[in-house]
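Breakdown of the fold
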Amino acid sequence: EMGERLPRALKVGVERQAMKLDAISRTLRPEMLSAEIGRQDEKLKQLGERMARASNTLIARKQSDFESPARLLESLSYQSVLERGFAVVRDDKGKALSDGKHVKTGARLGIEFRDGTVDAVAGGTKKKQEAKKPKPASGEQGQLL
């Protein structure tokens, strides 16, 4: 019985495979392949544009992340203060001085400006004096400013 069924089963199996092959061969026509290639090409172009935009955005963000601390460092640098017209006074060891009460007469100093350093010698110290306002003459009204 199995021997009799075998040729028929082989014939049916071959027919099924032929139908599958026929279905696949219909999708493999040149026009169908060209259309699919065109769709995939368009998709590839869109993905390429998205990738370019994303990479440009990432580069801009990283550049900003890099430049932000650099700008902060520059603004906090004492050299930017020198650019605004201030000077740094240093003792003979190169240490910056923040007040003058410990500077002795005759001490060697260095004064750093934005364009270079000048050597100096400390003179006598002067106490801050309050500016005295002149008293208005009798009968005259003083100025407000």
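Remember, predicted model here, so these are calculated numbers, not experimental data.

Attention now goes to the pattern of salt bridges. Evaluation of the coordinates by the stated rule reveals six salt bridges. Here Arg71 and Glu67 are joined by a salt bridge, their closest N and O atoms 3.8 Å apart. Of this pair, Arg71 and Glu67 both sit in helix α2 (residues 30–76), separated by four residues, roughly a single helical turn. Note that Arg90 is salt-bridged to Glu112, the shortest N-O span being 3.1 Å. You can see Arg90 sitting in strand β1 (residues 88–90) and its partner Glu112 sitting in strand β2 (residues 108–113), a full 22 residues away along the chain.

A few words on the sheet that holds β2. Within a sheet, neighbouring strands are paired by backbone hydrogen bonds and run either parallel or antiparallel to one another. Spatially, the three strands line up as an open sheet ordered β1-β2-β3, and their pairing is antiparallel. One side of each edge strand has no neighbouring strand; the edge strands of this open sheet are β1 and β3 (116–121). For this sheet the average axis-to-axis angle between neighbouring strands, irrespective of direction, equals 25°. Judged from the three bridges that link them, β1 and β2 form a sheet pairing that is antiparallel. Counterpart to Val89 in the pairing with β2 is Ile111.

The predicted structure's coordinates, where accompanied by low pLDDT, should not be read in detail. Summing up the model confidence of the chain, the mean pLDDT is 82 and the portion of residues at 70 or higher is 86%. The element-level mean pLDDT for the chain is lowest in helix α3 (residues 78–83), coming to 75, with α2 highest at 91.

So, on to the pairing of β2. As defined by bridge partners, β2 adjoins β3 across six bridges and the pair is classed as antiparallel. Bridging across to β3, Phe113 finds its partner in Gly116. What sits between β2 and β3 in their antiparallel hairpin is a turn of two residues.

Quick look at the environment of Thr117 now. Among the structural elements, Thr117 can be located in strand β3. The sequence separation of Thr117 and Val88 amounts to 29 residues, and the corresponding C-alpha distance is 9.1 Å. Residues contacting Thr117, with those up to four places away along its chain left out, are Gly110, Ile111 and Glu112.

Relative to the helices and strands, Gly123 is located in the segment after β3. Distance in space between the C-alpha atoms of Gly123 and Val103 is 9.3 Å, their sequence separation being 20 residues.

Here the focus is the side chain of Glu112. A residue is classified by how much of its surface remains accessible, and Glu112, at 15% relative accessible area, is buried. At 3.1 Å, the side chain of Glu112 forms a polar contact with the side chain of Arg90. If near-sequence neighbours (up to four positions away) are discounted, Glu112 is found in contact with Tyr78, Leu82, Phe86, Ala87, Val88, Arg90 and Thr117.

In this section: a nonpolar patch on the surface. On the surface, Ile24, Leu28, Leu33 and Ile37 cluster together into a nonpolar patch covering about 380 Å² of accessible area. Here Leu33 is to be found in helix α2. A relative accessible area of 38% means that Leu33 is categorised as partly exposed.

Conventions used here
Residues numbered from 1 in each chain as written. Predicted model: local features only at pLDDT ≥ 70, side-chain atom pairs only at ≥ 80, totals over all residues. Heavy atoms only, no water. Salt bridge = Lys/Arg side-chain N within 4 Å of Asp/Glu carboxyl O. Helix = DSSP H or I, 4+ residues; strand = E, 2+ residues; numbered from the N terminus. Pairing = 2+ DSSP bridges. Axes fitted to C-alpha atoms, helices over the stretch in contact; angles between N-to-C directions. pLDDT = per-residue confidence, 0-100. Contact = heavy atoms within 4.5 Å. Buried < 20%, exposed > 50% of the residue type's maximum accessible area, 1.4 Å probe, protein only. Polar contact = N/O pair within 3.5 Å; in protein donor to acceptor, adjacent residues only side chain to side chain. Patch = residues over 30% accessible without salt bridge, like charges linked within 9 Å, V, L, I, M, F, W, Y side chains within 5 Å. Areas by Shrake-Rupley, 256 points an atom, 1.4 Å probe, with all protein chains shown as cover.

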